[in-house]
Amino acid sequence: MKRARVAWAGAVHDAVACEGQLELLTPAVRGQRVPFEGVVWLPPLPPQPAQRPRTILALGLNYADHAKELAFKAPEEPLAFVKGEASLIGHRAFTVRPPEVQFMHYECELAVVIGRTAKRVKKADVPDPMNLALSTTVNGTITQQGHTRDMIFDVPTLIEYFSAFMTLQPGDLILTGTPDGVVDCKPGDVVVTSIEGLGSLENTIAV
Amino acid sequence: MTPVLSAPVAPCVPYQPSGTVYGTLLNFRGEHALWASRMVEPPYKAPPQAPVLYVKTANTFTRDCGTIALPAGASVEVAASLGLVLGWPDDLLAPAGAPGVLGVVLLNDVALAHDSYYRPPVKTRCVDGFLGLGPACVGLGELGGLASLSAMRLALHINGELRQTTALSDLVRDAASLLSEVNAFMGLRAGDVLMLGTDCLPDGTRPRVKPGDSVTISAEGFASATHHFVSEDLS
């Protein structure tokens, strides 16, 4: 089941995809269906409990071809950085190219949402997502094509690695890295990242 | 004799960040100078132009008086810092806009000792428990405003012995400059915390801790922050 979080008719709602529309889950309007075009799409994540900011881990150079593209040798252990929660935007949202930036690119990534507290998890206990094709288009032209099977560190390995020293909580995210094919994006460019079975995410560089 | 009536005491709720906590590297002149020659060498190749930040994730938060587990065999450093707590004044009529600095919190920024600043320090700084929090966020007004922070000195005691004094007059970017330079590329939100950085000892290291140590960070105007270090329980 695909879940969404949307703003519609002056309020925020959780929703599920149903026959090409969104079916709202808010009790007062439960069952109401609205078209995809009729809502503002928010990041599809439940809000965090107070006093528990979301941890967003992101992997650099987790696909061998992309590591080569950036002239690095493949890392020997996961190369991670952390993103602030303010960086999250939803489907069809605009993102800003800061002035004086010389190169700004998208990275199509499979994001893992932690479902329950994870501490010292062994990789044998983590389900491995299926092999999924991913691709990106910029203004309709395919720029990036890859496959999650080409990750250097797969999802079970990443969860074992991080949970060995940091306890992950429900709602935390691990962004698993991107394959090669990143190009510089300019204001006005429409970037669509797609992952097999998950759908497509469209974002526009604000003019 | 008239008895002195005391005001009702508010229940003490220890401070805990509600947003993202950002740390700042190389923001003290002493450490910046020690690093200057390395900054132009590989892999860095040039000194950083903007503030160099890292994130202390939520799993690192340890409330005042709490215990912090030391991973077996690890060399662990402690360091005193102040965190600027972003927010809006508690006033519904306050003008809208970007949040400002509501208050300041004492912090003990704990890390696995490491000698490279090249890669993001997740494995060294985001270990469970590795951010000791002061007991309270002290209102900026009570401290005399952002500019007055530069006159402050932070003391770090281990088991009662003074091990380091950090003078905020030695900041490369003072609180106002750091905030403005960070906000120039990244909007800080209400609840976020921006740490001013930590200083090193004259030899470039930071005080180390071992199981059984208690570390107290203190500064004028703040209730002190104490954290107890123990061996990691692997059971």
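The following paragraphs examine the structure supplied in this document. Remember, predicted model here, so these are calculated numbers, not experimental data.

1. Comments concerning the overall build of chain B
A tally of regular secondary structure across chain B gives four helices and 16 strands. The globule rule puts the C-alpha radius of gyration for 235 residues at 18 Å, and the 18 Å found for chain B is close to it. In terms of its C-alpha atoms, chain B occupies a principal-axis envelope of roughly 70 × 45 × 35 Å. Here chain B holds 235 residues, and the buried ones make up 49% of them. For chain B, contacts bridging at least 24 residues in sequence account for 76% of all contacts bridging at least 6.

2. Observations regarding the pattern of salt bridges
Residue and element names in this part refer to chain A. Following the criterion strictly, the structure yields 15 salt bridges over all chains and no others. The shortest N-O distance in the salt bridge between Glu 85 and Arg 54 comes to 3.1 Å. With Glu 85 in the loop between strand E7 (79-83) and strand E8 (94-95) and Arg 54 in the loop between strand E5 (40-42) and strand E6 (56-60), this pair connects stretches of sequence that are 31 residues apart. On the basis of relative accessible area, Arg 54 is assigned to the buried category, the value being 5%. Through salt bridges with shared partners, a single ionic network connects Glu 19, Glu 23 and Arg 33.

3. What to know about empty space enclosed by the protein
Counted under the stated rule, the structure contains three cavities of 30 Å³ or more. Lining of the largest cavity is provided by Pro 53, Arg 54 and Thr 55 of chain A together with Gly 19, Thr 20, Val 21, Val 55, Lys 56, Thr 57, Ala 58 and Phe 61 of chain B. Residue classes in the lining of the largest cavity are distributed as five nonpolar, four polar and two charged.

4. A closer look at the interface of chain B and chain A
The extent of an interface is frequently quoted as the accessible surface area lost upon association of the parts. Across the boundary between the two partners, chain B contributes 24 residues, which contact 22 residues of chain A. Where chain B abuts chain A, roughly 1900 Å² becomes buried across the two surfaces, and 57% of that area is made up of carbon and sulfur atoms. Between chain B and chain A we count three salt bridges in total. Counting across the chain B and chain A interface gives five residue pairs in polar contact (both at pLDDT 80 or more). Among the residues making up the side of chain B that touches chain A, the classes are represented as eleven nonpolar, seven polar and six charged.

5. Things to note about the packing of aromatic side chains
What characterises a pair of aromatic rings is the spacing of the ring centres plus the angle enclosed by the ring planes. All told, the structure shown has seven aromatic pairs over all chains when counted by the stated rule. Between Tyr 161 of chain A and Phe 162 of chain A, the ring centres sit 5.2 Å apart and the planes meet at 75 degrees, which makes this aromatic pair edge-to-face. Of the two residues, Tyr 161 of chain A and Phe 162 of chain A, neither departs from the other in class, the shared state being buried. Aromatic ring contacts, followed pair by pair, group Trp 35, Tyr 44, Tyr 117 and Tyr 118 of chain B into a single cluster. For the cation-ring pair, Arg 38 of chain B lies above Trp 35 of chain B, with the distance from its terminal atom to the ring centre recorded as 4.1 Å. Positioned above the aromatic ring of Tyr 54 of chain B, the side-chain terminus of Arg 125 of chain B is 4.3 Å from the ring centre.

6. Structural notes on the nonpolar core
Counting 64 residues, the largest nonpolar core has Phe 162 and Ile 174 of chain A together with Leu 82, Val 122, Leu 149, Leu 196 and Phe 222 of chain B as the members making the most contacts within it. Broken down by element, this core gets its largest block of residues, five residues, from helix H2 (residues 155-163) of chain A. Residues within four places of Leu 196 of chain B in sequence aside, it is in contact with Thr 24, Asn 27, Phe 28, Ser 81, Leu 82, Leu 84, Leu 149, Leu 168, Leu 171, Ala 175 and Leu 178 of chain B. Grouped together as the second largest cluster of nonpolar side chains are 17 residues, Leu 25, Phe 61, Leu 107 and Met 195 of chain B included.

About the thresholds
- Per chain, residues are indexed from 1 in the order of the written sequence.
- Working convention: letters from A go to chains and numbers from 1 go to ligands, in the order in which they are written.
- At least 70 in pLDDT is required for a residue's local features to be given in this predicted model, at least 80 for side-chain atom pairs to be given and counted, and no such filter applies to totals for whole chains, interfaces and linings, which use all residues.
- Heavy atoms throughout the structure, all of them, feed into the side-chain values; hydrogens and water do not.
- Helix numbering and strand numbering both begin at the N terminus, where a helix is a DSSP run of H or I of at least 4 residues and a strand a DSSP run of E of at least 2.
- The globule rule used here is 2.2 Å times the number of residues to the 0.38 power, and the radius of gyration it is set against is calculated over C-alpha atoms.
- Working definition: with a 1.4 Å probe on protein chains only, accessible area under 20% of the residue-type maximum means buried, over 50% means exposed, and in between means partly exposed.
- In this description, contact between two residues means that some pair of their heavy atoms is separated by no more than 4.5 Å.
- Note on definitions: salt bridges are taken to be side-chain nitrogens of Lys or Arg within 4 Å of carboxyl oxygens of Asp or Glu.
- For cavity detection a 1 Å grid was placed over the protein atoms alone, and a set of points counts as a cavity when a 1.4 Å probe fits there but cannot get out; an open set counts as a pocket when protein lies on both sides within 12 Å along at least five of seven lines, with lining residues being those that have an atom within 4 Å of a point.
- Grid points are joined across faces, edges and corners, and a volume is the space filled by probe spheres set on the points.
- Here the term charged refers only to Asp, Glu, Lys and Arg, the term nonpolar to Ala, Val, Leu, Ile, Met, Phe, Trp, Tyr, Cys and Pro, and the term polar to all other amino acids, Gly among them.
- Buried area: the sum, over both parts, of the accessible surface (1.4 Å probe) that disappears when the two are put together.
- Side-chain atoms alone can form a polar contact between residues adjacent in sequence; in general such a contact is a pair of N or O atoms within 3.5 Å, and within protein one must be able to donate a hydrogen while the other accepts it.
- Aromatic contacts are taken between Phe, Tyr and Trp rings whose centres are within 6.5 Å, Trp giving its six-membered ring; a plane angle under 30 degrees counts as stacked, one over 60 as edge-to-face, and the others as tilted.
- We count a charge as sitting over a ring when the NZ of a lysine or the CZ of an arginine lies within 6 Å of the ring centre and within 35 degrees of the ring normal.
- Buried residues of nine kinds, namely Ala, Val, Leu, Ile, Met, Phe, Trp, Tyr and Cys, make up a nonpolar core once their side-chain atoms join them within 4.5 Å.

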